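Structural features, examined
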Amino acid sequence: MKRHCTILGILAGMLMLATSCNHSRKFTQTYYSDNEKTILSIRDRFNRIYDQHPFSLELKDKYLQRIGLEIITDSIKYIYAFNLNEPYLTDTLRRYGFDINAMGDLIIDMQRAHCTWITNLDYYEKYEKKELLFLSVRHQALESFMKPEKYFTMALFNEEQPVDEKNRLLDKEGLSQFRKIHGKVYRSINKRAFYAVTDMYR
């Protein structure tokens, strides 16, 4: 009886995993096609602002009205939290020389796409430092079938990347190895955009 229950438990777990994978693939296809224009706008806006002053940006709550701002200098990282309607947000952006209107447009795009976190990540190819844009999404469509809460994370590269027969991201310098991001294997949306469903948003 105990062995029978164990087998049933394993089968139930496998069914839940398969269902979750099917839902995540469907979510990926629908989400990206519905939001591609906004995602590319987020990428372009972020890169323009980042080139002037490195930073990371978080929308901290489910209502996307409270932000976390990490401002990166040569010697230290400053971390701030604001409500969007606080004057301190504008004052802080002005103090560090950010384009206030451009940052406002970026936040609006992030709200549209349910994007909760955006940053640049370093990686290396043949000892050459490169960057990818990393962003995460909290979406009610994920909440309906992913428990506990999961995040849809994307890695956007500036160049086309190699994949295996299952569309998993590979390391260019070792095509038999996966290029993992935060320990996760990423799959292709297209040749420059990759995704994973993760427990953490950053």
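Here, the structure is the one placed above.
The notes below deal with the structure included here. What you see is a predicted model, and the numbers here were worked out from it, not measured in a lab.

1. Let's talk about unusual backbone geometry
Despite not being glycine, N167 has its phi angle at roughly 65 degrees, a positive value. Among the secondary structure elements, N167 is positioned in the loop between β6 (151–156) and β7 (170–171). A relative accessible area of 40% places N167 in the partly exposed class. Backbone geometry at H182 places phi at a positive 55 degrees, although glycine is not the residue there. Looking at where H182 falls in the secondary structure, it is placed in the loop between β8 (174–178) and β9 (187–188).

2. Focus: the pairing of strand β3 (residues 77–83)
Relative to β3, strand β2 (residues 66–72) is paired through 7 bridges, and the arrangement is antiparallel. Along β3, the bridge assignment pairs I72 with K77. Between the end of β2 and the start of β3, which pair antiparallel, lie 4 residues.

3. A short note on the packing of aromatic side chains
Each aromatic ring pair is specified by the distance between its two centres and by the angle formed by the two planes. The full count for this structure, using the stated rule, is 11 aromatic pairs. With a centroid separation of 5.6 Å and 80 degrees between ring planes, the pair formed by F55 and F98 is classed as edge-to-face. Of this pair, F55 sits in strand β1 (residues 55–59) while F98 is found in the loop between α2 (87–95) and α3 (100–112), placing the two residues 43 residues apart along the sequence. F98 matches F55 in its accessibility class, with the two residues each being buried. Ring geometry for Y78 against Y96: centres 5.8 Å apart, planes inclined by 45 degrees, an arrangement best described as tilted.

4. As for the nonpolar core
Core analysis: the biggest nonpolar cluster contains 34 residues, and F55, L57, M103, L106, L135 and M154 have the highest contact counts within it. The greatest single-element share of this core, amounting to 7 residues, is contributed by helix α1 (residues 2–52). Not counting residues within four places of it along the chain, the set of residues in contact with L57 comprises I67, G68, L69, M103, L106, I107, M110, T116, W117 and I118. Of all hydrophobic cores here, the second largest spans 12 residues; its members include Y123, F157, L169 and F194.

5. Some points on the sheet that holds β2
If you trace the 8 strands from one edge of the open sheet to the other, you get β3-β2-β1-β4-β5-β6-β10-β9, paired in antiparallel fashion. Edge positions in the sheet fall to β3 and β9, since each has one partner strand and no second. Where β1 and β2 come together, 5 bridges link them in antiparallel fashion. Each residue of the ladder has a partner; that of L57, found in β2, is L69. Sitting on the sheet, α2 is in contact with β2 and β3, with an inclination near 150 degrees to β3. Each of β1, β2 and β4 (115–125) is contacted by α3, which is oriented at about 45 degrees to β1, the strand it contacts most.

The rules behind each value
Residues numbered from 1 in each chain as written. Predicted model: local features only at pLDDT ≥ 70, side-chain atom pairs only at ≥ 80, totals over all residues. Heavy atoms only, no water. Helix = DSSP H or I, 4+ residues; strand = E, 2+ residues; numbered from the N terminus. Buried < 20%, exposed > 50% of the residue type's maximum accessible area, 1.4 Å probe, protein only. Pairing = 2+ DSSP bridges. Phe/Tyr/Trp six-rings, centres within 6.5 Å; stacked < 30°, edge-to-face > 60°. Core = buried A, V, L, I, M, F, W, Y, C linked by side-chain atoms within 4.5 Å. Contact = heavy atoms within 4.5 Å. Axes fitted to C-alpha atoms, helices over the stretch in contact; angles between N-to-C directions.

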